[in-house]
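Spelled out from the first residue to the last, the chains are:
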Amino acid sequence: MRNSGLVFSFELKSILRKKSYLVTTIILCLIVVAAVVIPTVLAKKEKQPEDVLIIDGNVPSSVLEDFPDEDINDTIANGGYFMATDELKDFPLIKNIKQEYTDEDSLKTALSNDEISYGVVFNSANDFVFMVNGESNPVASSLFEQQLLNFNRMNYFEANQINPGLIDEIYGVQVNATNVDISQKGIGNFALAMIYTFLLYMLIIMYGTTVSTSVAREKDNRTMELLIANTKADYLIIGKTFAAGLAGILQVLALIVTLLISLKFTGQDIVGLIGGFLELNMTTIVTMIIFSLTGYISYLFIYAALGALVSKVEDVNYAVTPVMLIFIAAYLITMLGMENPHNTLLKVASYFPLTSVLAMPVRTILLNISPVEILISTAIMLLSIVVFSILAIRIYRLGSLNYGNRMKFGKTLKMIIRGEGS
Amino acid sequence: MKLTLNNINKSFGKVHVLHDVSFAVDSGRAMGFLGRNGSGKTTSIRCIMDIFKPDSGEILLDDQPFKPRELKVGYLPEERGMYAKEPILEQLIYFGQLKGGGKAESKKSAEAWLERFELSEYANKKLEVLSKGNQQKIQIIQAFLNDPEMIILDEPFSGLDPVNAELFKDAIRDAIKKDKLVIFSSHQMGYVEEFCDDITLIDKGEILINGSLADVKAEMSHDKYRLESENLNREQLKQLLKLFEAEYNNEQILLASEDKISLILDLSNIVPNDFLQKIIAANVQIKNFSIYLPTLTDVFLHYVKEHDLATNEMDKQDKEGNSNAQ
């Protein structure tokens, strides 16, 4: 096993030193920083949502009185109106409008000459026409509509001697209704399931290809002969697989640390953010750790073995396509299954080793799964990593000695069944 | 230390590559492993290195099963390969450690060999920045790291200029002096002749010769003489030899072979002095009459041609047997 450690350390150093690894890590970290910092900065710069409170429904008339004149002026100042009715002579908003016109035509002319940015024709207390010349102004339009509604209501209340405060009170009563599915967990868990699936997908695809390319390159440049002359193929594949695995995990850790630092830097409450939305227990955490690590390593073993079947780096893509398709299927089943985590396909996928790496942790994150189900799937997963690693070592051993044409996977399996490569 | 291969057979699919390959190599003596392209040299070496498992037969070191990874073996494969994008010293230390050496020992050894091969200045450079010849030297250094007990070199001189070849020759000579077991495969007969005390000749997966080079040459030169004339060309000499055959009561004067300038005669049934007197009396001006000492190329060609004839004859008999059976 000493040589496994040597191979591991040499390969890990080799990956970490690569410019492509460093550049990818830096770019991913910058994306994380940008994703956290930019929205925070933009939100601080933009006006607060209180600006549009006035156009929200059910606004008491008192709000208008409290609303600063300068804000109303900003919204409706540069307009004009034509009053075709006497019903609205006390409508308070008209004093904020720049210009009154004596007829509709002169209003339209002023609007078409860009003397004003909009025009309103008040036909009656509950009928007005809002005109613009190419550039819409939905805020002003809504403001007139809302205020006209309030004005009419106030007039009605006064005429019928109704206390407006009482009406506000009646309509202010709210009923809080919460729907709970006891088998499902919170919205934060959905986000966690998405992040888990995406990160593991990226890790396996990126580092699986790294391992298989590295093995194929050693065959291509004939370093393989020197390596297997000096140490066992088992030690080589174990060292290589774990080195690539750790390099991937280090990259993910770098992203997580960058995310936490960015959140802290922007003043966001990390503990509150995580704790407030997530419903996690020890079973879920342990399931995620076991399945992510065993699944990740299983896939890397398979990728390494497939890399050994070819003699040229350019043939790697052909060799890894079948397993990549299986993994993409696992990804799609899991992502689509998140919409309805009770679906049968996701449940079946959570027992099959090549798909349970994603499916079982996601089900555990989203649902309250029975511990028996988790234990059965874990047992299958642990058994499969043993089978996959033995199979991968034998394929690697056979493949590493073959310098000719690309070895067919089926033929290689037959050779293993015959006892070759053991 | 004695390495012995006993009846090694190896097939790839339906192709039987090695047929009962047997030979032995002693430490302190370099063995030249010769053969045509595709004769089975590299496959035999890969079997020794446990890269290929033989289908049958055994490989012994001092009568015990040989496990190359449990002994310090320096191996230079025919198809060279090291990491192009890794620093030279670092990968030499890595290979030294994989062979079982400690880190400090491997580093010390690598630095010493880099200095000896005048490559110290490139220790921290990537392999790919070196010229092809210098890359070849790094690969040779890899084989000599950590003072191996056994050194197996497959076509070691290909790609080396005469100056670097001389550096490498010194390294091989030192290894032989230190009682190392050296196996040396090459097409370049001059190098083999220069270093090797023993030779093994393989052809079509069968061993033709295994033994001391001196003995092999002596056997080939037994009662053979080289004849070259000042006034007759080879054809005229051959005509004259036919006349002598009658004088010797048709005792055969075998024309064993010839080269560009002389005839090689087999005088096993004739007293050489009598023969010499007769041809002088026949007005042949002698330029060279000497005991025939074959070169390694002569040995190689002689045995390979003999083997070709024998295998062709066997093939012919097999075909005839098959057609008769049909």
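The structure displayed is predicted, hence computed values, not measured ones. (Residues numbered from 1 in each chain as written. Chains lettered and ligands numbered in written order. Predicted model: local features only at pLDDT ≥ 70, side-chain atom pairs only at ≥ 80, totals over all residues. Heavy atoms only, no water.)

A. Molecular detail of the overall build of chain A. Helix and strand counts for chain A stand at 17 helices and 4 strands. Within chain A, buried positions represent 43% of all 422 residues. Taking contacts inside chain A between residues at least 6 apart in sequence as the whole, the part at least 24 apart equals 72%. Looking at chain A as shown, the accessible area adds up to about 22,500 Å², and 63% of this sits on carbon and sulfur atoms. (Helix = DSSP H or I, 4+ residues; strand = E, 2+ residues; numbered from the N terminus. Buried < 20%, exposed > 50% of the residue type's maximum accessible area, 1.4 Å probe, protein only. Contact = heavy atoms within 4.5 Å. Areas by Shrake-Rupley, 256 points an atom, 1.4 Å probe, with all protein chains shown as cover.)

B. Here's a closer look at the interface of chain A and chain B. Facing 23 residues of chain A, the contacting portion of chain B comprises 26 residues. Contact with chain B buries surface across chain A, with Phe 10, Glu 225 and Leu 226 of chain A losing the most and accounting together for 29% of the total. Connecting chain A to chain B are 4 salt bridges. The shortest N-O distance in the salt bridge between Glu 90 of chain B and Arg 17 of chain A comes to 2.8 Å. Applying the counting rule to chain A against chain B returns 11 residue pairs in polar contact (both at pLDDT 80 or more). In terms of residues, the side of chain A that touches chain B owes the most to one element, helix 1 (residues 2–17) of chain A, which gives 9 residues. Residue classes in the side of chain A that touches chain B are distributed as 9 nonpolar, 6 polar and 8 charged. (Buried area = accessible area lost by both parts, 1.4 Å probe. Salt bridge = Lys/Arg side-chain N within 4 Å of Asp/Glu carboxyl O. Polar contact = N/O pair within 3.5 Å; in protein donor to acceptor, adjacent residues only side chain to side chain. Nonpolar A, V, L, I, M, F, W, Y, C, P; charged D, E, K, R; others polar.)

C. Structural detail: the sheet that holds strand 4 (residues 56–61) of chain B. Residue and element names in this part refer to chain B. With antiparallel pairing, 4 strands are arranged side by side in an open sheet as 2-1-4-5. Both edges of this open sheet fall to strand 2 (15–26) and strand 5 (64–65), since each of them pairs with a single strand only. Of the strands in this sheet, strand 1 (2–12), strand 2 and strand 4 are in contact with helix 1 (residues 41–48), which crosses strand 2 at around 65°. (Pairing = 2+ DSSP bridges. Axes fitted to C-alpha atoms, helices over the stretch in contact; angles between N-to-C directions.)

D. Structural context of the confidence of the model for chain A. With 87% of its residues at a pLDDT of 70 or more, chain A has an overall mean of 84. This stretch, residues 49–67 of chain A, has a pLDDT under 50; its non-local contacts, to residues over four places away or in other chains, come to 22 contacts. (pLDDT = per-residue confidence, 0-100.)

E. A look at the packing of aromatic side chains. All names here are of chain B. The tally for this structure, following the rule as stated, stands at 30 aromatic pairs over all chains. When the centroid spacing of 5.7 Å and the interplanar angle of 45° are considered together, the rings of Phe 184 and Phe 195 count as tilted. One end of the pair, Phe 184, is in strand 8 (residues 181–185); the other, Phe 195, is in helix 6 (residues 189–195), and 11 residues separate them in sequence. This pair shows no difference in class: Phe 184 is buried, exactly as Phe 195 is. (Phe/Tyr/Trp six-rings, centres within 6.5 Å; stacked < 30°, edge-to-face > 60°.)

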